[in-house]
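Coordinate inspection notes
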Amino acid sequence: MKHKHFTPKFLSCLGLGLLFTFGCSKEDLNPSENLSQRTSTSATDGSVSTSVVREGNQYIIISATDALPADIEGKARGANGKVTKLLSGVGIATATSDDPNFIAKASKISGVRSVIHDYTYQGYDPQEQTVEAANTNPPTSADNDPVFPIQWGHTAIQAPEAWLTGARGQNVRVAVLDGGFYLGHPDLVGNIEKSISFVPGQPAQFNRELARNRSTFSHGSHVAGTVAAVDNTNGGVGVAPDAKLILVKVLGDIGSGQFSWIIAGIKYAADEQVDVINMSLGARLPRNGKYMDNNGTPNDPSDDFLVKDSEVQKEVAELVEAINKVTTYAAKKGVTLIAAAGNDGIDAKDQNATFVPADSKHVISISATAPYGLALDPNTSLDQVAYYSNYGSPAIDLAAPGGSAAHPSVQSVFYKIGFAPVYAWDMVYSSGSPTGYNWAQGTSMASPHAAGVAALIISKNGGPMAPERVEAIMRASADDLGTPGRDDNYGHGRVNALRAVTSASLAQAK
């Protein structure tokens, strides 16, 4: 069906894992046949799911301190449970148990603050269309990658000008916590230092056979490419093209994941001594909402049941505490944490819900900006607030390019390098296919732009930096848009890479 009028379709988004490319597609596009390089339009818009399922027999044990109680494994066995992972230094362990009284029993262990169920939430369902793109990069470009001219996000944040100062992300390591990745993608492989998966039974490599509708779109690869796609003669280029990537899979390829996987992923990245963690993922957790318990049978919904509100309130509060513990751990290790603000298009300071990890301690929350009809008017503002972006002060810290598929026209028009639908040019272009590229929209796309700027700051500094200083520089150097001062839509402003790496901005934050 061809959409005569664009109607955003919000898809349920995997809780902690992926503010996830949120999918919105326009169907029956007519790809141009005269361009040489395949590209996918993955109109991923979507919202964070409020449908969160409680795992009936999987638990998170939270210590009263950053140290786990002595012999927690033995004591958990005594409570009819089995510890599956120890997160030393954070004060968290995960466990399984078929005993319905496990929480009551394990909560009595000396030194344990609380025991809660783990939760799973459904993620993204991207719908894809393909168009072609050609290598017609103009000689005046600051880069020689074929599609660099259409990476309007780099222009908005003045990334090319920042590169000319010598800041390109060198000697900086960025962890991308996301779904599966195309580890052999030509724009990523040269910068991937290592990869790991915390999803049981799934390697870090994205497997379309496990994805919904067998989609080839890899949200994680798209995000990683925005951060640090290699500066070569292929495709696009990352904001910090010389940074190294630590790819951490915390969401399954079908777009679902458990909070314990993300907690473990943050801990791993911190122990790896990365400089920056990007989390283009998240969940809106209603404090008084309804949650389903899968009764320990995730593949059989017939025995699911609703959890009482009183239980929800306690478990949500303790889940937030668990995430705060691990983000605090990472910050103390010197990691700058950045996360997508969410694609619900609602006030993120909503007191009836909490957003994780965007609202978590020491995490910089990023809203999204975009042009509207860029291909029709190249002089249009690149800094309009994206229609789907969450907003609200003080929840939003900074803004960055996230793209938008809001333009109603599906007409194929020529813009700089080739033909594509009008709305596609307003989206973010990156490495989301096995060896090709996708357009996508979302705060998931905004967050890696900001993470790339953080990497440029650290590389310009010449070595590791305290995360508080990195954030201070990002704030001091941001372009103050909207209402003067901190506002609901842009926070402290839209990130500016050039200003962030100038001596004046660096000195201001010292």
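Residues numbered from 1 in each chain as written. Predicted model: local features only at pLDDT ≥ 70, side-chain atom pairs only at ≥ 80, totals over all residues. Heavy atoms only, no water.

A word on the pairing of strand S5 (residues 82–87)
Sheet topology note: the S5/strand S6 (residues 92–96) ladder contains 5 bridges and is antiparallel. Of the residues in S6, the one forming a bridge with Leu87 is Ile92. The loop that links S5 with its antiparallel partner S6 comprises 4 residues; one of these, Gly89, has a positive phi angle of about 90°. (Pairing = 2+ DSSP bridges. Helix = DSSP H or I, 4+ residues; strand = E, 2+ residues; numbered from the N terminus.)

Notes on the layout of surface pockets
Any space left empty among the atoms is revealed by the rolling of a water-sized probe across them. Its volume calculated, the largest pocket comes out at about 710 Å³. Taken together, 31 residues form the lining of the largest pocket, with Glu55, Gln58, Thr120, Gln258 and Trp261 sitting closest to its centre. Only strand S4 (52–63), S5, S6, strand S7 (112–122), strand S12 (256–258) and helix H6 (259–271) provide two or more residues apiece to the lining of the largest pocket. Tallied by class, the residues present in the lining of the largest pocket amount to 12 nonpolar, 14 polar and 5 charged. (1 Å grid on protein atoms, 1.4 Å probe; cavity = no way out; pocket = protein on both sides within 12 Å on 5 of 7 lines; lining within 4 Å. Points joined across faces, edges and corners; volume = space filled by probe spheres on them. Nonpolar A, V, L, I, M, F, W, Y, C, P; charged D, E, K, R; others polar.)

Focus: the pattern of salt bridges
For side chains bearing opposite charge, pairing can occur when the charged atoms are close. A full pass over the atoms with the stated rule returns 18 salt bridges. For Asp383, the salt bridge identified is with Arg494, shortest N-O distance 2.8 Å. Taken as a pair, Asp383 in the loop between strand S19 (363–370) and strand S20 (384–385) and Arg494 in the loop between helix H9 (467–477) and helix H10 (497–500) lie far apart in primary sequence, 111 residues in all. Among the salt bridges present, the one from Arg475 reaches Glu471, with a minimum N-O distance of 2.9 Å. Remark: Glu471 and Arg475 occur in helix H9; sequence separation between them is 4 residues, near one turn of the helix. The exposure class assigned to Glu471 is buried, which follows from its relative accessible area of 17%. (Salt bridge = Lys/Arg side-chain N within 4 Å of Asp/Glu carboxyl O. Buried < 20%, exposed > 50% of the residue type's maximum accessible area, 1.4 Å probe, protein only.)

Side note on the packing of helix H5 (residues 219–228) against helix H8 (residues 443–461)
Between H5 and H8, whose axes approach to 8 Å, the crossing angle comes to 35°. Helix-helix and strand crossings are classified by hand; for H5 and H8 the assignment is right-handed. Residues His219, His222, Val223, Thr226 and Val227 of H5 pack against Ser444, Met445, Pro448, His449, Ala451 and Gly452 of H8. For the contact of H5 with H8, the class distribution of residues is 5 nonpolar, 6 polar and no charged. (Axes fitted to C-alpha atoms, helices over the stretch in contact; angles between N-to-C directions. Left-handed = near helix turned anticlockwise from the far one by under 90°. Contact = heavy atoms within 4.5 Å.)

Some words on the packing of aromatic side chains
Taken as a whole and judged by the stated rule, the model has 10 aromatic pairs. Pairing Phe148 with Trp163 gives two aromatic rings, centres 5.8 Å apart and planes at 40°, and the pair type is tilted. Remark: Trp163 occurs in helix H4 (residues 159–163) and Phe148 occurs in the loop between strand S8 (128–133) and helix H3 (152–156); sequence separation between them is 15 residues. As far as burial versus exposure is concerned, Phe148 and Trp163 are alike and both buried. One aromatic cluster is present, built from ring pairs that chain together Tyr415, Trp425, Tyr429, Tyr437 and Trp439. Sitting over the face of the ring of Trp163, Arg168 holds its NZ or CZ atom 5.7 Å from the ring centroid. (Phe/Tyr/Trp six-rings, centres within 6.5 Å; stacked < 30°, edge-to-face > 60°. Lys NZ or Arg CZ within 6 Å of the ring centre and 35° of its normal.)

A few points about the nonpolar core
By size, the foremost hydrophobic cluster in this structure holds 74 residues, and its most contacted members are Ile338, Trp425, Leu456 and Met474. The element best represented in this core is H8, accounting for 10 residues. Apart from the residues within four sequence positions on either side, Trp425 is in contact with Ile150, Trp152, Leu374, Ala375, Val413, Tyr415, Ile417, Gly418, Phe419, Ala420 and Trp439. Counting 49 residues, the second largest nonpolar core, distinct from the first, contains Phe259, Ala264, Ile266 and Ala339. (Core = buried A, V, L, I, M, F, W, Y, C linked by side-chain atoms within 4.5 Å.)

So, H8
Look at H8: 27 Å from first C-alpha to last across 19 residues, which is about the 27 Å you get at 1.5 Å a residue. For H8, the tally of buried residues reaches 17 of 19 residues, placing the bulk of the element in the interior. One or two positions beyond H8, positive phi appears at Gly462, with a value near 90°. (Expected span 1.5 Å × (residues − 1).)

Description of the pairing of strand S13 (residues 276–279)
The two faces of S13 match: Val276 and Asn278 on one face and Ile277 and Met279 on the other face are all buried. Relative to S13, strand S9 (residues 173–178) runs parallel, the two being bridged by 4 bridges. In the strand pairing of S13, Leu177 is matched with Met279. As paired elements, S13 and strand S17 (residues 336–340) share 4 bridges and run parallel to each other. Opposite Asn278, over in S17, you have Ile338 as the bridge partner.

Focus: the confidence of the model for the protein
Across the protein, the average pLDDT comes to 84, with 83% of residues at 70 or higher. In the model, residues 1–50 has pLDDT below 50 throughout and makes 244 contacts with residues more than four positions away in sequence or in other chains. Confidence drops under pLDDT 50 across residues 125–142; counting only partners more than four residues distant or on other chains, this segment forms 73 contacts. (pLDDT = per-residue confidence, 0-100.)

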